[in-house]
Every structure is written in structure tokens, then in C-alpha cells.
Amino acid sequence: MPRASPPARHLLPVPPPPRHRRTLSSTFVDESVAAAEALVQKWHPDTPDTSLFLHSHDHRAFLRAVADLHRAMLFFASDVANNGGHSGLVQAQALLQTAMRRLDLELQLLLDHVQDHQDDATCSGSIRAVADAMMAAGYGKECVSTFKSRRRGALAATLHRLLGFSLPASGISSQFQKLTWEQVDANIIQSWLAAAPVAFSSVFATEKQLCATAFANDAAVAEAVFAAIANDHAANLLAVAEAAVARARRAPERLFRVLDVHDALTQALPAILSVFGDSSEVSARAAAVLAKVGETARGTLAAFEAAIQKEPSKATAAGGGVHPLTRYVMNYLVFLADYEDALALIYQQQPVVSGSVSPDLSASYSSSSSSPSMSPSWSPIGRLVSVLVSKLETKAGSYREVALSYLFLANNTQYVVKKVRGSSRLQGIVGDEWAEAQAAKARGHVDVYVRAAWGKVLAAITMPSSSSRGSHGGVEEAVMEAVAAQEQWVAADDDMGEALRVAATAAVVPKYRMFYRRHGATVRLTPGDVTTMIAALFGGPRAQGATAMAASAARGCTTKLLQLQTEDPTSRTQQLLA
């Protein structure tokens, strides 16, 4: 018999999904959103009449409203699963976006304000508050973008004010090629020398501090933002120096500007390393530019040394005077001596390169065995002095007259010594002993000059008195020839002229006086005449009167010499004694 089926159960109707019930939390969130909406509408970004942070006390309340909106979004997002927070989420998100637009506008206004009020701590604090609010709300990308674009433009404007010209984004070297050196020097380098130290030690450091303040909660972001703002400007500033130095083309007269740039970079390098970091691209670029500037300086001095050595040896100075090469080189070195510290650093940093004109300079700087008192070649400036002295000795050999050759050496050596002693820095470079040794050489050249210039006179005076009467006239003739030969010769300065006259007087007049005592009856020129003629040489203090007297004596001497050849010596003696 089949089993009976179980009785049917009563089926209850399925209840509808439970409706979302408002809780205390949702009520509080709704109220905070409503309050935030009122404040956001009050400071709507489309009506930026005044600054919320600079001209109002609502900024703290606005930042709290932003935080409330962000929390409301998170609350409503979690409540969407219960189908209860969708509309609230949309409203909170829209209000937050509007608030972010306002904060972005405020960030721009604050960054503009801080540009002119860098010491305004309140403004810097407001910038940080805005950045924190935007970063916390998930708008960090927008915040960073606004910050970078605004500060990059502000930094460019600051550098333009410092430099007086805008930094090209690229092609700096090609642009400089269109300018003359005078334009580069006056308009570019001098402006750069004034601006670069301030830029690297202050402007970039201030910019980095602002980035660190704005993004204090994330040091990595602060560093990245600063690099994005400043690196290109710093690199362009360094490129200006590199391109300007390249235009110097190793011309000696342009070396001073090259060394000025080297000094400025050397002084700025610690600040660059501190602000940008030892391993940064900017620091690496600065070190590379500094090395190139040093290379240019070394190359310029090497070219200058080569030019001295290649100066034609047969190109002498008229009258044995100071050669133009001597004047140019020594005046150049007097100015260059002010850069001795920079040159020492440049040659210490010199890489070992084969085939250089002066390969021993860098080694000699670090060598403790050098002897600067006897040779100045231990420094690039001292080496140039030595090269010049050596060249002058070669040039002296081009004179036909031995006396003129030694006069040339005396004059030029004296000029070198005078220039060295006239510059304390230059004397400190070559050393007191070296300068004194050169002064002694100049005095020795004077002595040799006197013996050569007056040798015939002294030889004629020492001839035996028993020689023919014509020998007496030969002495006077030798005197006149010596004077005539030296009338167009010159002295380096008054001191050298006096030294030459004193040496000649001391060598000639005493012996001539003895000669005159023995043969005065038959001699026209008196010792006083000879003294006067010597005193007239080399621009002596009695040169004008002495020259006329010497000319008169010369004419009388010539007439007398002719008479002595025909007259009876005895009758003439009687006339003189009468």
C-alpha cells in the first residue's frame, strides 16, 4: 500500500530587502558634508576675488572641511555595498574636486607671494598646509605639477634679474658664436660672474628649502620636485660659463676672464655639492665645467709660453732698450700674479698629458725639492719669467756690437727685476734671492758693457807715452767715437741711465785725467769735457747743455787733431804755456 505523502507546509512570503537605516555616524557625515559645502561654495574657485590664505581667517576651517569631505568619501564608499551611500559619495566627491581646485588656486597665489616675501614664515607654512591637504586627499600629482610649473617660472625670472638676460634652454654655444669676444666679455661673462655665486649659494638653496618645507612629510618627493625645478636652470647656468670660456680661444689677454670664471666656480662648488648632492647630475656637470676651464687656462699659458719662445730672435730693440716683448710679458705677469692661487689649484688638478709644452709644471707644484730662490720655474708664472729671460739672452746675440748686446741685457734684466720688485705677489712667486741674483746679473752686464763700449779709449790711453804724437789725438778720437756710438743708445730708466754713466765715468775719467796730466799740452779735451760728454749720455740730467758742449768740443777736437798733424809741437807748447 503506498505511503501517504507528508502534509504540505504553509509557505511564508519572502520579505523585501531591509531598507538602509540612518545611523548616528551617517547623520554626522551628512552634516559635515553640508557644512563643508557651504564653505566650499563661499570660496568657490570660479570667484577668486581674494586669497583664502592671504586675506582671510577661513583657511583653517576650509582645510578641516577638505579633510571632512575626504573622510565622507571614504565612509560613503564603504557604505555603497549596502546600497546606501551612492548619492552621498557623488556629492562628497564633487565638493572635494571643487575644493581641490580652490586649493590649487591658493597654492599658485601663495607661491607667487612667497617669491617676493621669501622670509614670510606664515606664507611658507600655508604652502605646506595646502600641499599636505592635497596630498592627503589624493591630489598629490596635481599639487606637484602646479608647484613645479609655478616655481620653475619663478626661478627663471629670478635668474633673469640676476644675469640681465634669459638662460637659453639649448644651443648656448652656437648663440655665443654669433657674438664678438667683447660682447661676450661685457654682456655675458661679467654678468655671470656677478650672478652665479648668488645663484648657487642663495637662490638654489632657498628654492630647495621651499621644496623641503612644502613637502616636509615626504623627503623623496621634496628632492624630486626640487630637481625637476632647478636642475635644468643650474645646468644652463653652468653651460653659459663653459660656452663663454670656449670663446676665449686661448688668447693670452682673455686668460684673466677664464681665471675669474674658474675662481667663481671653485667658490661655488661646495654650495653646489651641498644643495644638489655629491652624486647629482648638476654636481657632475659643475666638476666637468671646472675641469674644462682649468684645461683652457693651462692651454692658454702653454700657448703664451710657446709664443715667447717663437718670438724671432733677430727682432731686437733700437739702441739696446727694453724690448716690447719684455714690457708685454712682465706687465702681463704682474696682473697674472693676482691669480697665483687659482693657477696653483689648476696645475695641481692637471691630468698627465704627454707632449704638453710645460709638462713639468704640475709635478713641480707638489715637489718639495724645488728651489724657488734660484729658479722661478716652480710655478707657471715663474716659468714664464725664466722663458722670457732665456729669450732675451738669445736676442742679445743678434746685436753686432758687443757693447750694445750687453746694454740690451742690462736694460731688459733691470726692467724684469724692477717689475718683480714692484709687485709683492710677483716677488713672492719668484723669490727674493732670484730677484737679487738677477739684479746682480744686470750690474754685471753694465760692467761688461762699459768695458766693451770704452775699450778702445782705455786701450789708447794705456799706449806707451813714447809713441807718436798722433797717438794723443787717437785717444781723443777714440773718446769721440765712443760718445758718438752711444748717443743713440738708451737706458731702461733713470736708475739704469745713472748706473751706466757712473760706471763709465769711474772706468774712463780717472785714467783720462792721468793721460791729460801727461799730455795736456797737446790734448784738446779736458777731463771735464769727457765727464760732461759721459753725463750727456742716456738722458742724463745735464744732457741738453752737455750735448751742446760736447758738440762744440768735438768740433774743436777735430780741428785740433788736424793742426797737431802739421804744427811744430815745441812752438805750440810755448803758446800754451804763455
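You'll find the structure just up there.
This section reports on the structure supplied with the text.

What counts and how
- Residues numbered from 1 in each chain as written.
- Predicted model: local features only at pLDDT ≥ 70, side-chain atom pairs only at ≥ 80, totals over all residues.
- Heavy atoms only, no water.
- Helix = DSSP H or I, 4+ residues; strand = E, 2+ residues; numbered from the N terminus.
- Contact = heavy atoms within 4.5 Å.
- Buried < 20%, exposed > 50% of the residue type's maximum accessible area, 1.4 Å probe, protein only.
- Phe/Tyr/Trp six-rings, centres within 6.5 Å; stacked < 30°, edge-to-face > 60°.
- Core = buried A, V, L, I, M, F, W, Y, C linked by side-chain atoms within 4.5 Å.
- Axes fitted to C-alpha atoms, helices over the stretch in contact; angles between N-to-C directions.
- Parallel < 35°, antiparallel > 145°, perpendicular 65-115°, else oblique.
- Left-handed = near helix turned anticlockwise from the far one by under 90°.
- Nonpolar A, V, L, I, M, F, W, Y, C, P; charged D, E, K, R; others polar.
- Expected span 1.5 Å × (residues − 1).
- Bend = angle between axes of the 7 residues up to and from the residue.
- Polar contact = N/O pair within 3.5 Å; in protein donor to acceptor, adjacent residues only side chain to side chain.
- Salt bridge = Lys/Arg side-chain N within 4 Å of Asp/Glu carboxyl O.
- Lys, Arg positive; Asp, Glu negative; His and termini not counted.

## A look at the overall build of the chain
No. 1: Across its full length, the chain holds 23 helices and zero strands.
No. 2: Of the contacts formed within the chain by residues at least 6 apart in sequence, a portion of 74% connects residues at least 24 apart.

## Quick look at unusual backbone geometry
No. 1: Backbone geometry places Arg 250, a non-glycine residue, at a positive phi of 55°.
No. 2: For Arg 250, the location among the structural elements is in the loop between helix 8 (219-246) and helix 9 (255-276).
No. 3: Given a relative accessible area of 42%, Arg 250 falls into the partly exposed group.

## Here we look at the packing of aromatic side chains
No. 1: For the coordinates displayed, the defined rule picks out 14 aromatic pairs.
No. 2: Pairing Phe 226 with Phe 276 gives two aromatic rings, centres 5.3 Å apart and planes at 35°, and the pair type is tilted. One end of the pair, Phe 226, is in helix 8; the other, Phe 276, is in helix 9, with 50 residues separating them in the sequence.
No. 3: Among the residues examined, Phe 226 registers a relative accessible area of 2% and is labelled buried.

## Quick word on the nonpolar core
No. 1: Ranked by size, the top nonpolar core spans 165 residues in total, and within it Phe 147, Trp 192, Phe 204 and Trp 454 carry the most contacts.
No. 2: Other than its neighbours up to four places away in sequence, Trp 192 contacts Leu 163, Pro 197, Leu 237, Val 240, Ala 241, Val 261, Ala 264 and Leu 265.

## Side note on the packing of helix 20 (residues 494-519) against helix 21 (residues 527-535)
No. 1: Running from N to C, helix 20 and helix 21 point in directions that differ by 165°, and their axes come no closer than 9 Å. Comparing the axis directions of helix 20 and helix 21 gives the class roughly antiparallel. In the crossing of helix 20 with helix 21, the sense of the turn from one axis to the other is right-handed. Every residue of helix 21 that contacts helix 20 at Arg 501, Ala 504, Thr 505, Val 508, Val 509, Tyr 512, Arg 513 and Tyr 516 is listed here: Pro 527, Val 530, Thr 531, Ile 534 and Ala 535.
No. 2: Within the contact of helix 20 with helix 21, the residues separate by chemical class into nine nonpolar, two polar and two charged.

## Some words on helix 8
No. 1: Taking 1.5 Å per residue, 28 residues should reach 40 Å; helix 8 reaches 39 Å between its end C-alpha atoms and fits that length.
No. 2: Along helix 8, the helix axis deviates most sharply at Ala 230, where the bend reaches about 40°.
No. 3: With a side-chain oxygen positioned 3.2 Å from the backbone nitrogen of Ala 220, the residue opening helix 8 is Asp 218.

## Overview of the environment of Leu 39
No. 1: Its location among the elements puts Leu 39 in helix 1 (residues 24-42).
No. 2: Put simply, Leu 39 and Val 66 are 27 residues apart on the chain and 9.7 Å apart in space, counted from C-alpha to C-alpha.
No. 3: The contact partners of Leu 39, leaving out residues within four places of it in the chain, are Ala 61, Phe 62 and Ala 65.

## What about the environment of Ala 205?
No. 1: On the secondary structure map, Ala 205 appears in helix 7 (residues 181-214).
No. 2: A residue is classified by how much of its surface remains accessible, and Ala 205, at 29% relative accessible area, is partly exposed.
No. 3: Distance from Ala 205 to Ser 274, taken between C-alpha atoms, is 8.7 Å for residues 69 residues apart in sequence.

## With respect to the pattern of salt bridges
No. 1: If you walk through the whole model with that rule in mind, you get 20 salt bridges.
No. 2: The residue Asp 46 makes a salt bridge to Arg 101 at a minimum N-O spacing of 2.6 Å. One end of the pair, Asp 46, is in the loop between helix 1 and helix 2 (59-79); the other, Arg 101, is in helix 3 (residues 86-116), with 55 residues separating them in the sequence.
No. 3: Measuring nitrogen to oxygen at the nearest pair gives 3.1 Å for the salt bridge that ties Arg 285 to Glu 242. Of the two residues, Arg 285 is situated in helix 10 (residues 281-310) and Glu 242 in helix 8; the sequence distance between them amounts to 43 residues.

## So, helix 7
Each turn of an α-helix holds 3.6 residues, which means side chains three or four residues apart point in the same direction.
No. 1: For helix 7, spanning 34 residues, the distance from its first C-alpha to its last is only 44 Å, which falls clearly below the expected 50 Å at 1.5 Å a residue.
No. 2: The largest bend in helix 7 comes to about 50°, at Ala 199.

## Details of the packing of helix 11 (residues 324-336) against helix 15 (residues 402-421)
No. 1: For the pair helix 11 and helix 15, the least separation of the axes is 10 Å and the interaxial angle reads 15°. Considered as vectors, helix 11 and helix 15 are oriented roughly parallel to each other. Regarding helix 11 and helix 15, the two cross each other, and that crossing is right-handed. Within the contact between the two elements, helix 11 uses Thr 326, Arg 327, Met 330, Asn 331 and Val 334 and helix 15 uses Asn 412, Tyr 415, Val 416, Lys 419 and Val 420.
No. 2: Its residues assigned to classes, the contact of helix 11 with helix 15 shows five nonpolar, three polar and two charged.

## Remarks on the side chain of Asp 104
No. 1: Within the secondary structure, Asp 104 is located in helix 3.
No. 2: The buried charged residue Asp 104 lacks any salt bridge, with Arg 150 as its nearest oppositely charged partner at 7.8 Å.
No. 3: One polar contact links Asp 104 to Gln 108, side chain to side chain, over a distance of 2.9 Å.
No. 4: Ignoring any residue separated from it by four or fewer positions in sequence, one finds Asp 104 in contact with Met 134, Glu 142 and Thr 146.

So yeah, pure geometry; function would need other evidence.
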